[in-house]
Amino acid sequence: MATTDRQATTLALAHALSAAERGLAVIPLSRTKLPALRSPHRDDPDPAPCHGECGRFGHGVYDASTDPARIRELFAAAPWATGYGIACGLPPHHLIGIDLDTKSGTDSSAALRELALRHLFTIPPTVVVLTPSGGRHLWLTGPPEVVVPNSAGRLAPGIDIRGAGGYLVGPGSRTDHGVYSTAPGTAHIVPARCPRALLRLLLPPPRTHHSAPPSAGGHGQGLVQFVLAAHEGQRNTRLFWAACRAYEDGIGPALVDPLVEAALNTGLTEREARATIASAARMTGHRP
């Protein structure tokens, strides 16, 4: 490996460890901004879904960690890494990334300002990362029970969203196009809370409501099973997502008790479960 590449890897590891100290889970990235470690299942003829349960590295954002020892192991396994990714949607920050792109030929910053005026919100002072192409990443935090999905251009042309299951390229990372850096004056700011009006825009559009509330039926049972399959660290987010879908489909009231029972089976308390379901009801415009 060239000396410059070794230096880039050393710097990337240092930046990644610094981010981890702030509670941000990280993974090593290559110069292409993709996870540096390839899937250990890439040669399997019929791979089963695996998010790291096999114990090996190479599961992308599911490898992300704040543990310094594990981070060093990840970078040792990928000595060609020149950057690091920060996983979104994980505690304690539940990071949401607003990616204001410049490559689409649209003014994404103006589009965000227009959205803010139309929906009456203001982006508070927060961490801003400058990309080599002239774009910007705004770091915001979301409520722990809300699952913000990744999207590209859905909010507005040139605006991509990095949410649960996604990652942001961390400042200090070196790519084929240059270095990511923190905007002056924002390096040590704590990521700001996402405005509620913006958060509503980031969630999936509500489904069409039924004219009459049906019984929970098969769809309701599917939502209950979705909650029952939650691992530790996913319980609140899965419950919130399932409750949102239930209220959007008009079966929220009928499914409250089955969802609470499923949440109890995953280890949540009844108080936590009912609070999360009530939050989902409010978020979808219903009275809990």
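So, a few notes on the structure that sits alongside this text. (Residues numbered from 1 in each chain as written. Predicted model: local features only at pLDDT ≥ 70, side-chain atom pairs only at ≥ 80, totals over all residues. Heavy atoms only, no water.)

## Observations regarding the packing of helix α7 (residues 252-266) against helix α8 (residues 270-283)
Then, number 1: Across the interface, α7 lies against α8 with an axial gap of 9 Å and an inter-helix angle of 135°. Taken together, the axis directions place α7 and α8 in an arrangement best described as oblique. Relative to α8, α7 is oriented so that their crossing is right-handed. Every residue of α8 that contacts α7 at V256, D257, L259, V260, A263 and L264 is listed here: E270, A273, R274 and I277.
Then, number 2: Broken down by class, the residue content of the contact of α7 with α8 amounts to seven nonpolar, no polar and three charged. (Axes fitted to C-alpha atoms, helices over the stretch in contact; angles between N-to-C directions. Helix = DSSP H or I, 4+ residues; strand = E, 2+ residues; numbered from the N terminus. Parallel < 35°, antiparallel > 145°, perpendicular 65-115°, else oblique. Left-handed = near helix turned anticlockwise from the far one by under 90°. Contact = heavy atoms within 4.5 Å. Nonpolar A, V, L, I, M, F, W, Y, C, P; charged D, E, K, R; others polar.)

## Examining the sheet that holds strand β8 (residues 167-169)
Then, number 1: Spatial ordering of the open sheet is given by β1-β2-β8, a layout of three strands whose pairing is antiparallel. The open sheet terminates on both sides in strands that have one partner only, identified here as β1 (26-29) and β8. Along the sheet, successive strands turn relative to each other by an average axial angle of 35°, direction set aside.
Then, number 2: Here strand β2 (residues 83-87) runs beside β8; their pairing, made up of three bridges, is antiparallel. Its bridge partner being in β8, G85 is matched across the sheet by V169.
Then, number 3: On top of the sheet, helix α2 (residues 68-77) reaches β1 and β2; it is set at about 15° to β1, its chief contact. (Pairing = 2+ DSSP bridges.)

## Topic: α2
Then, number 1: Of all the residues in α2, the buried ones are I71, L74 and F75. Take α2 and look down its axis: the buried residues cluster within an arc of 95°, on one side only. (Buried < 20%, exposed > 50% of the residue type's maximum accessible area, 1.4 Å probe, protein only. Arc of directions from axis to C-beta.)

## Quick notes on the pattern of salt bridges
Then, number 1: Counted by the stated rule, this structure contains five salt bridges.
Then, number 2: Where R245 meets E248, a salt bridge forms, and the shortest distance between an N and an O atom there is 2.9 Å. Residue R245 and its partner E248 are located together in helix α6 (residues 235-248), separated by three residues, close to a single helical turn. A single burial state applies to R245 and to E248, both of which are buried.
Then, number 3: Between R274 and D257 there is a salt bridge, with the nearest N and O atoms lying 3.3 Å from each other. Separated by 17 residues along the polypeptide, R274 in helix α8 and D257 in helix α7 bring together distant segments of the chain. (Salt bridge = Lys/Arg side-chain N within 4 Å of Asp/Glu carboxyl O.)

## Re the nonpolar core
Then, number 1: Core analysis: the largest hydrophobic core is formed by 48 residues, its most contacted members being I98, I159, L202 and L259.
Then, number 2: Residue contributions to this core peak at seven residues, all from α6.
Then, number 3: Excluding residues within four positions of it along the chain, I98 makes contact with R136, H137, L138, L140, I159, D160, I161 and L202.
Then, number 4: Residues L17, V26, I71 and A78 belong to the second largest nonpolar core, which totals 30 residues. (Core = buried A, V, L, I, M, F, W, Y, C linked by side-chain atoms within 4.5 Å.)

## Section: the environment of P144
Then, number 1: Along the chain, the position of P144 falls in the loop between β5 (136-141) and β6 (151-156).
Then, number 2: For the pair formed by P144 and R196, sequence separation is 52 residues and the distance between their alpha carbons is 13 Å.
Then, number 3: Setting aside residues no more than four positions away along its own chain, P144 makes contact with H94 and T237.

## Quick word on the environment of A48
Then, number 1: Here A48 is to be found in the loop between β1 and α2.
Then, number 2: For the pair A48 and V26, spaced 22 residues apart in the sequence, the C-alpha separation amounts to 25 Å.

## Topic: the environment of G267
Then, number 1: Take G267: it is sitting in the loop between α7 and α8.
Then, number 2: Along the sequence, G267 and H231 sit 36 residues apart, while their C-alpha atoms lie 9.6 Å from each other.

## As for unusual backbone geometry
Then, number 1: A cis geometry characterises the amide bond from P91 onward to P92, with omega recorded as 5°.
Then, number 2: Along the chain, P92 falls in the loop between β2 and β3 (95-100).
Then, number 3: In this structure, K33 takes a positive phi of about 75° despite not being glycine.
Then, number 4: Relative to the elements of secondary structure, K33 occurs in the loop between β1 and α2.

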